[in-house]
Amino acid sequence: MGCCSSAESKRDWKPLEERSCTDIPWLIIFTLFCVGMACICGFAIATGGATRLVSGYDSYGNTCGRNNTKLEGVPLSGRDMTENKYVFFLDPCNLDLINGRIKSIALCVSKCPNIEMKTYKDLKQFALGNGSYLCSYDITATRYVNHPDRFTKCPKLPAPPSKSVPVFHRCIPTDIGCYAEFAQAFITFVSDNSVLRRVIAGVTTSKEIIMGLCLFALVLSLIMMLVIRYISKVLVWILTVLVIIGSIGGTGVLWWLYADHRKALDSNSASVFGKEVASDNVKALLVYSIGATIFTVVLLLVMFFMRKRVALTISLFHVAGKVFIHLPLLALQPFWTFLCLMLFWVYWIAVLLFLGTTGTPVKNNSTDVVEYQMQGPLQYMVWYHAVGLIWVSEFILAFQQMTIAGAVVTYYFTRNKSQMPVTPILSSMARTFRYHLGTLAKGSFIITLVKIPRLILTYIHSQLKGKENACARCMLKACVCCLWCLEKCLAYLNQNAYTATAINSTSFCASARDAFVILVENALRVAAINTVGDFVLFLGKVLIVSCTAFAGILALNYQRDYTVWVLPLLIVCLFAFLVAHCFLSVFENVVDVLFLCFAVDTKYNDGSPGREYYMDKSLMEFVENSKKMGRFKPKEGDGRETKPMARGSTLA
């Protein structure tokens, strides 16, 4: 389990030849952790939390629709509420937004009131006529009119403030004015109800156009994944030229501004205060100019040394397009991952709500209201559940990365593509599920260890806003930024570790070590792929959103049924960006996997008999051109070799 072991440092690389289970102890730990989460769910259901959440309960500890048990010290508890299935709030509009609750006495009633009652006599008639008693249980219906406690134990008149409807066994008023405090920010934004109605009408009327534009964005994303490999060379060189021109031009402008301000300062006859301000501006421009010059020089040097490696990025993009042609189900991976995440998040939120109504009933002596509170060690179950949200979510994302890596590795290291599995994606899923769940558990746990303190520090930083201790806020912000950078670096290393595991079926630590060594040896190539390549994919996302927005403007502009179509267009653009991000992120993952396979292939093979390359023709052309120009030299002498699966076969 240790990451410092060197027992496998001299092993052979045997792509796809041997499979064995990896990181079994971590699979056991993750399984036990998931069992613990299931026990928390079972505890919440067994202690009545799920029942109280679904059926609702009153302010005296009675669950609506059930025959309840008497609570000690609560006279109005232990009532048979079998016929009273709905929760009614005496003052439903009294919201506590900070604690997320309604500050009102709740009762179990047999029917939600659907008419407005302006007097206590109306309450009495409704109770006698419908059998639904809206005042406290200790007040009989005949005394609604003259009982001394009717002002505190009966509904606030008029009752209800509007027609109420049962929602999850709660009587909820339908008048939006009841929630004026909650909706105040939104109402202020839209100015008045007429604007709000027009915006909603715009979304409703244009629902067909919105669905059509979302489908259009989906098609554009699929087309972009295929087209980008053909236009990547043009995009890469255009980007390179623009970056060079922009950096040199910006630096030149800063130096020109510095010279102009310096000249004006020398000939300035203003007051002493004016000269001090001008002098400060000149000093600031000098600092900016020097900084921009250093940045430009470094950037030009990096571009100069990476210019010969841009061709590798273009070749990888070309091969990635072929991968999607041979493995079209790769495009569906974001949908399966999103579906799994949504199902887990729904389960997690449901259990969290169960926990919110689980615990020991505690009576508030000042209000005589019963609340359920978790006391003692049980209150830490919420923290356990929160850690589970992060760990399991990261595990699901890691499963997608391992599945993509396994499928691409199979494609790369199979010489005769006709011998590939019928469904490489499903085969990769099966291999991951059978052999490498422990590796995914360990990798996702490392990300969780970094993400949890970052989230805690982010929360503390948000709580310190407006406080006088600026130094503490700056230190927290710096820590958050450092943890964010560390998380991104670990996520990238994890992804390559999963690829190494898919290639050679090694444990997480051994795979991470091997992947790190290969990435360090190819640092400039990695920099080229992760700068030029990522920016090209970003341009693809921008292009998809722009085309979708342009089509949306043309389509929505010809609609005369409404006047406000900004919100429909915003919805379409957001959906287009999310779709483009999902698809092109998969494309980016494929490129990263291909690069690691290429690096392993070129490190342990040289094209000689018995050590033939596995790579595609496009990558082979890159290697041959590099050899002719003296830029490519296979690395040897470490005692390890790659054993081809089918020697002598032709390249695909």
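Cut-offs and rules
- Residues numbered from 1 in each chain as written.
- Predicted model: local features only at pLDDT ≥ 70, side-chain atom pairs only at ≥ 80, totals over all residues.
- Heavy atoms only, no water.
- Helix = DSSP H or I, 4+ residues; strand = E, 2+ residues; numbered from the N terminus.
- Buried < 20%, exposed > 50% of the residue type's maximum accessible area, 1.4 Å probe, protein only.
- Contact = heavy atoms within 4.5 Å.
- Areas by Shrake-Rupley, 256 points an atom, 1.4 Å probe, with all protein chains shown as cover.
- Disulfide = S-S within 2.5 Å.
- 1 Å grid on protein atoms, 1.4 Å probe; cavity = no way out; pocket = protein on both sides within 12 Å on 5 of 7 lines; lining within 4 Å.
- Points joined across faces, edges and corners; volume = space filled by probe spheres on them.
- Nonpolar A, V, L, I, M, F, W, Y, C, P; charged D, E, K, R; others polar.

All right, on to the overall build of the protein chain then. Per the secondary structure count, the protein chain includes 18 helices and eight strands. For the protein chain, the proportion of its 652 residues judged to be buried stands at 43%. A fraction of 73% describes how many contacts in the protein chain between residues 6 or more apart in sequence connect residues 24 or more apart. By element, 67% of the accessible surface of the protein chain is carried by carbon and sulfur atoms, the whole surface being about 34000 Å².

Moving on to the state of the cysteines. Formally, a disulfide is one covalent bond, and it connects the sulfur atom of one cysteine to the sulfur atom of another. Counted by the stated rule, this structure contains three disulfides. With a sulfur-sulfur separation of 2.0 Å, cysteine 112 is cross-linked through a disulfide to cysteine 171. Measuring the twist about the S-S bond at about -85°, one finds the cysteine 112-cysteine 171 disulfide to be left-handed. Pair noted here: cysteine 112 is in the loop between β4 (106-109) and α3 (120-130) and cysteine 171 is in strand β6 (residues 170-173), with a separation of 59 residues, a long-range link. In this structure cysteine 479 is a free cysteine whose sulfur lies 6.5 Å from that of cysteine 482, the closest cysteine sulfur available. On the basis of relative accessible area, cysteine 479 is assigned to the partly exposed category, the value being 38%. A relative accessible area of 54% means that cysteine 482 is categorised as exposed.

Within this structure, the stated rule accounts for four cavities of 30 Å³ or more. Considered as a void within the structure, the second largest cavity measures approximately 40 Å³ in volume. Forming the walls of the second largest cavity are Arg19, Met402, Gly406, Ser428, Arg431, Thr432, His436 and Ala502. When residues of the lining of the second largest cavity are traced back to their parent elements, those giving at least two are α11 (381-412) and α12 (424-435). When residues of the lining of the second largest cavity are assigned to their parent elements, the largest contribution, three residues, is made by α12. Of the residues belonging to the lining of the second largest cavity, the class tally is two nonpolar, four polar and two charged.

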